[in-house]
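In case you want the letters, here they are:
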Amino acid sequence: MKDVKKSDFIVVLDGLSDVGNIGAIVRSCYAMGVDSVIICGLKNFYAAPIVRTSSGAMLDMPIAISYNSYDLANELKQVGFSLVGADMEGYEVKDIQREKNQKTALFLGNEGDGLSNKLKKKLDLKVSINMENDFDSLNVSVAAGILIYELK
């Protein structure tokens, strides 16, 4: 795997359980030039369904497994990453101006609960997607694609 310290933009999947979502996010990450994906908290890692739903992108996308997203956040901060997390109470992602060459780790929480409060306190920035028609949520893989596009 590409050395994370040399990465500029990584995506951290925290506690996602649906392999379809994971595969779709990996596919979007690969298509949009994300340097690597780190999967945290997945109890059973079965690569085959993720490979299928990623349309094979998983085979070329650098992927790492981490068991504790909070410890990972600390490690990423120590090597200069800005920690950004998806949260419905965050700043509108369209309004965020990322500094050039800023190392960014985008944290995405699980399908039901999102990111833990403990992890949210570690973040440098929380971002959200403004939605129309009084709608308040998107599938995590759809949200990931929008957030990656806007932040990159």
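Residues numbered from 1 in each chain as written. Predicted model: local features only at pLDDT ≥ 70, side-chain atom pairs only at ≥ 80, totals over all residues. Heavy atoms only, no water.

Asks: Which parts of the structure should I look at to understand helix α5 (residues 140-151)?
Replies: Side chains three or four residues apart in an α-helix point the same way, a direct result of the helix having 3.6 residues per turn. Between its terminal C-alpha atoms α5 stretches 16 Å, which fits the 16 Å expected from 12 residues at 1.5 Å a residue. Among the residues of α5, Val140, Ser141, Ala143, Ala144, Gly145, Leu147, Ile148 and Leu151 are the ones counted as buried. Buried residues in α5 make contact with β1 (9-14), α1 (19-31), β4 (82-92), β5 (104-109) and β6 (125-128). (Helix = DSSP H or I, 4+ residues; strand = E, 2+ residues; numbered from the N terminus. Expected span 1.5 Å × (residues − 1). Buried < 20%, exposed > 50% of the residue type's maximum accessible area, 1.4 Å probe, protein only. Contact = heavy atoms within 4.5 Å.)

Asks: Explain the confidence of the model for the protein chain to me, please; I cannot follow it from the model alone.
Replies: A low pLDDT means the predicted coordinates there should not be read in detail. Confidence in the prediction for the protein chain averages 87 pLDDT; 91% of positions are at 70 or higher. Confidence scores differ between elements of the protein chain, with helix α2 (residues 47-53) showing the lowest mean pLDDT of 71 and β5 the highest of 97. (pLDDT = per-residue confidence, 0-100.)

Asks: Would you explain the side chain of Thr104 in this entry?
Replies: Considering the arrangement of structural elements, one finds Thr104 in strand β5. The contacts of Thr104, once residues within four sequence positions are left out, are Asp8, Phe9, Ile10, Phe81, Ser82, Val84 and Arg98.

Asks: Looking at this structure, I do not really get the layout of surface pockets. What am I missing?
Replies: Gaps between atoms show up when a probe of the same size as a water molecule is rolled over them. What the largest pocket holds in volume is close to 600 Å³. Every element with two or more residues in the lining of the largest pocket is listed here: β4, β5, β6 and α5. The biggest single contributor to the lining of the largest pocket is β4, with five residues. (1 Å grid on protein atoms, 1.4 Å probe; cavity = no way out; pocket = protein on both sides within 12 Å on 5 of 7 lines; lining within 4 Å. Points joined across faces, edges and corners; volume = space filled by probe spheres on them.)

Asks: What is the right way to read helix α3 (residues 69-78) from this model?
Replies: The set of residues buried in α3 consists of Ser69, Leu72, Ala73 and Leu76. Taken around the axis of α3, the buried residues stretch over an arc of 105°, which confines them to a single face. Buried residues in α3 make contact with β1, β2 (36-40), β3 (63-66), β4, β5 and α4 (117-120). Measuring from the backbone nitrogen of Tyr70 back to the side-chain oxygen at the start of α3 gives 2.9 Å, which picks out Asn68 as the cap. Downstream of α3 by a residue or two, Gly80 has a phi angle that is positive, lying close to 95°. (Arc of directions from axis to C-beta. Polar contact = N/O pair within 3.5 Å; in protein donor to acceptor, adjacent residues only side chain to side chain.)

Asks: What is the right way to read the pattern of salt bridges from this model?
Replies: A pair can form between side chains of opposite charge whenever their charged atoms are brought close. Applying the stated rule across the entire model yields two salt bridges. The closest approach of N and O atoms between Asp124 and Lys77, which form a salt bridge, is 2.4 Å. Residue Asp124 is located in the loop between α4 and β6, and its partner Lys77 is located in helix α3; the two are separated by 47 residues in the primary sequence. The exposure class assigned to Asp124 is partly exposed, which follows from its relative accessible area of 42%. Its salt-bridge partner being Asp87, residue Lys120 comes within 2.7 Å of it at the nearest N-O pair. With a gap of 33 residues between them, Lys120 in helix α4 and Asp87 in strand β4 connect regions that are remote in the sequence. With respect to burial, Lys120 and Asp87 carry one shared label: buried. (Salt bridge = Lys/Arg side-chain N within 4 Å of Asp/Glu carboxyl O.)

Asks: Can you walk me through the sheet that holds β3 in this structure?
Replies: Two modes of strand pairing occur in sheets, parallel and antiparallel, and in both the strands are linked by backbone hydrogen bonds. On the basis of which strands lie adjacent, the open sheet formed by six strands has the order β3-β2-β1-β5-β4-β6 and parallel pairing. A strand with exactly one partner marks an edge of an open sheet, and here the two such strands are β3 and β6. On average, each strand axis in the sheet is tilted by 30° relative to the strand beside it, whichever way the strands run. Pairing of β1 with β2 involves five bridges; the strand directions are parallel. Directly across from Leu13, in β2, lies its bridge partner Ile39. The strands touched by α5 are β1, β4, β5 and β6; relative to β5, the strand with the most contacts, the crossing angle is about 160°. (Pairing = 2+ DSSP bridges. Axes fitted to C-alpha atoms, helices over the stretch in contact; angles between N-to-C directions.)

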